[in-house]
Amino acid sequence: MTKTISSGVTLNNGVVMPWLGLGVWQGRPEDGAHVEHAVRTAIEAGYRSIDTAAAYRNEQGVGRAVRASGVSREEIFVTTKVDNANQGYDATLKAFDKSLGELGMEYIDLYLIHWPVSAHYMETWRAMEKLYAEGKVKAIGVSNFQIRHLDTLLAACSVVPAVNQVEYHPRLTQKELQGYCNGKGIQLVAWSPLMLGRVLEEPLVQELAGKYGRTGAQIVLRWDLQNGVVTIPKSAKAERIYENADIFGFELSVNDMERLDALNRNERSGMDPDKFEELWGLRK
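Cut-offs and rules
Position numbers for residues start from 1 in each chain and track the written sequence from start to end. Selection of residues for local features in this predicted model requires a pLDDT of at least 70, selection of side-chain atom pairs for listing and counting requires 80 or more, and totals for whole chains, interfaces and linings are taken over all residues. As a rule here, side-chain values come from all non-hydrogen atoms in the structure, and water together with hydrogens is ignored. Helix and strand labels come from DSSP, where a helix needs a run of H or I of at least four residues and a strand needs a run of E of at least two; each type is numbered from the N terminus. Helices are assigned an expected span. That span is 1.5 Å times one less than the residue count. Exposed residues in this analysis have more than 50% of their type's maximum accessible area, buried residues have under 20%, and partly exposed residues fall in between, with area computed by a 1.4 Å probe over protein chains only. A contact between two residues is defined here by any heavy atoms of the two lying within 4.5 Å. An arc is given here, and it is the one of the directions from the helix axis to the C-beta atoms. Each aromatic pair joins two rings of Phe, Tyr and Trp (for Trp, the six-membered one) with centres within 6.5 Å, and gets the label stacked for planes under 30 degrees apart, edge-to-face for over 60, and tilted for any other angle. Over a ring means this: the NZ of a Lys or the CZ of an Arg is within 6 Å of the ring centre and within 35 degrees of the ring normal. Fitted lines through C-alpha atoms give the axes, limited to the stretch in contact for helices. The angle between two N-to-C directions lies from 0 to 180 degrees. Throughout, the term roughly parallel applies to angles under 35 degrees, roughly antiparallel to angles over 145, roughly perpendicular to angles from 65 to 115, and oblique to all others. Residues are grouped as follows: nonpolar covers Ala, Val, Leu, Ile, Met, Phe, Trp, Tyr, Cys and Pro; charged covers Asp, Glu, Lys and Arg; every other residue, Gly included, is treated as polar. Residues enter a nonpolar core if they are buried and are Ala, Val, Leu, Ile, Met, Phe, Trp, Tyr or Cys, with the set joined through side-chain atoms within 4.5 Å. Being paired, for any two strands, means DSSP has found at least two bridges between them.

K.L.:
Honestly, the environment of K184 in this entry has me stumped. Any pointers?
P.N.:
Locating K184 in the fold gives a position in helix 6 (residues 175–184). Spatially, the C-alpha atoms of K184 and L154 are 9.2 Å apart, while their sequence positions differ by 30 residues.

Here it is as C-alpha cells:
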C-alpha cells in the first residue's frame, strides 16, 4: 500500500492522491518567501501533494513555489479549501475563482469545504458539484465533518465527497468516523497528525522510536499510513520536511499499531467540529 513516497491512494472517482503531503497552515502569509521555501523543499524531497486553504492566506506562495519547482503541474496534487466566510452557492463559486487566481493555476486537484457551517454547507456543496462537473477541480471533499454532517450531505448530494480531512493522531483516533467514511468510500486525511508535537511526548512513542531506530514523528506518521489514512504534516524546517518523508522504509508490527491505537483520549489540539460555530459566532 505505502511502499514509497510516490505511492498514492485511488479516491472514489479514480483520482490518485499521494499518501503523504505537506500542510502549510500557519505558513506566515506575510512572508511569501517562507511558504515558498517550505513548498520547494518538500517538492525537492519527493512530496507531490501540497495542502493549503483560502483561510491560510498563503495560496500565492504555494503557487509560486510549484511553478518554480521545475516539476510539471500535472505531477503536483494541490488541495485548497473554501473558508467559512465565503460559503453558500454564489459565494463559493467566487471564492473558488479567487483561489484559482491566487494559486495561478488552471485547475485545483482537490477542493474542500473547510468547516461544516450548518447554515451554508449544503449550498456550498452544490456549488462544488458544479465546479467538479465543469472540470475545474479534479475531486471535491470536506474537512472537519462529523458523521451527522455527512449523513445530511449524503442524503441530498449528487457527488459523494472524495475525502474528509479531520484532526487525527494517536490521542484522537476517530475510529467510528473512519469506519463510517470507509463504508461510504470517503478517504480520511489527517491534519495535525503530530498534535502540534504533543503526541511525541508519549512514552510509548519514544519507546517505539528507539525500537525501530526512527524519530517519534516518523513512528506516528507511519501509524497514519498503516491505518489507511492520508497524512499532511506541517513543517517549515527543511530537516523536518525530509525527516517526515522518510516513513516508507519500515513497518510497525500489528501489536505496536494496537498499542498506539490504545493511546486514544478523544483529545483535540484544534477546534471541535460540534462547537466551532459558537466559538466563531456563526450560530446565534
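Resuming the write-up.
K.L.:
How do you make sense of helix 4 (residues 121–133) when you look at a structure like this?
P.N.:
Residues spaced three or four apart along an α-helix point in a common direction, a consequence of the helix completing one turn every 3.6 residues. A rise of 1.5 Å per residue sets the reference length of helix 4, with its 13 residues, at 18 Å; its end C-alpha atoms lie 18 Å apart and thus fit the reference within 8%. Among all positions of helix 4, only Y121, T124, W125, A127, M128, E129 and L131 are buried. Each element contacted by the buried residues of helix 4 is listed here: strand 5 (77–82), helix 3 (89–103), strand 6 (108–113), strand 7 (137–143) and helix 5 (147–154). Note on helix 4: the residue one or two positions beyond its end, G135, has a positive phi of about 80 degrees.

K.L.:
Would you explain helix 7 (residues 203–212) in this entry?
P.N.:
Buried residues of helix 7: L204, V205, L208 and A209, and no others. Buried residues along helix 7 cover an arc of 140 degrees about the axis, so they all sit on one side. Opposite the buried face of helix 7, by more than 90 degrees, sit the exposed residues P203 and G210. The elements touched by buried residues of helix 7 are helix 8 (216–226) and helix 10 (254–261).

K.L.:
What's the story with the packing of aromatic side chains in this structure? I'm lost.
P.N.:
Two measures describe an aromatic ring pair: the distance that separates the ring centres and the angle between the ring planes. The full count for this structure, using the stated rule, is four aromatic pairs. The cationic tip of R73 hangs over the ring face of Y107; the distance from NZ or CZ to the ring centre is 4.2 Å. If you follow K138 out to its NZ or CZ, it ends over the ring of Y107, 4.7 Å from the centre.

K.L.:
What exactly am I supposed to notice about the packing of helix 7 against helix 8 here?
P.N.:
Each pair of packed helices gets described by two things: the angle between the helix axes and the distance between those axes. Running from amino to carboxyl end, helix 7 crosses helix 8 at an angle of 95 degrees, the nearest separation of the two axes being 8 Å. Accordingly, the angle class assigned to the pair helix 7 and helix 8 is roughly perpendicular. In contact with V205, L208, A209 and Y212 of helix 7, helix 8 contributes G216, I219 and V220. Here the contact of helix 7 with helix 8 is composed, by residue class, of six nonpolar, one polar and no charged.

K.L.:
Would you mind going over the side chain of S49 with me for this structure?
P.N.:
Counting through the fold element by element, S49 comes out in strand 4 (residues 49–51). Leaving out residues up to four positions away in the same chain, S49 has contacts with P18, L20, G21, L22 and F77.

K.L.:
I tried to follow the nonpolar core on my own but got confused; where do I start?
P.N.:
Soluble globular proteins: nonpolar side chains tend toward being buried together. Core analysis: the biggest nonpolar cluster contains 88 residues, and M17, L22, V39, Y111 and L260 have the highest contact counts within it. Per-element tally for this core: the top contributor is helix 8, with six residues. Apart from the residues within four sequence positions on either side, L22 is in contact with A38, V39, A42, Y47, S49, I50, D51, P233, S235 and I241.

K.L.:
In this structure, what is going on with the pairing of strand 9 (residues 187–191)? I would like to understand it.
P.N.:
Looking along a regular strand, one sees the side chains alternate between the two faces of the sheet. Across the five residues of strand 9, five count as buried, placing the element largely inside the fold. A two-sided burial pattern is seen for strand 9, the buried positions comprising Q187, V189 and W191 on one face and L188 and A190 on the other. Pairing geometry for strand 8 (residues 163–167) and strand 9, over five bridges, is parallel. When the sheet's bridge partners are listed, N164 is paired in strand 9 with L188. By the bridge criterion, two bridges tie strand 9 to strand 10 (residues 230–231) in an arrangement that is parallel. From the neighbouring strand, A190 faces strand 10, where its bridge partner is T231.

K.L.:
Looking at this structure, how should I read unusual backbone geometry?
P.N.:
Glycine aside, negative phi is the norm for most residues, and most peptide bonds take the trans geometry. With a phi close to 55 degrees, M195 is a non-glycine residue in the positive phi region. By the element assignment, M195 lies in the loop between strand 9 and helix 7. Among the residues examined, M195 registers a relative accessible area of 0% and is labelled buried. Not every positive phi belongs to a glycine, and L196 is a case in point at roughly 55 degrees.

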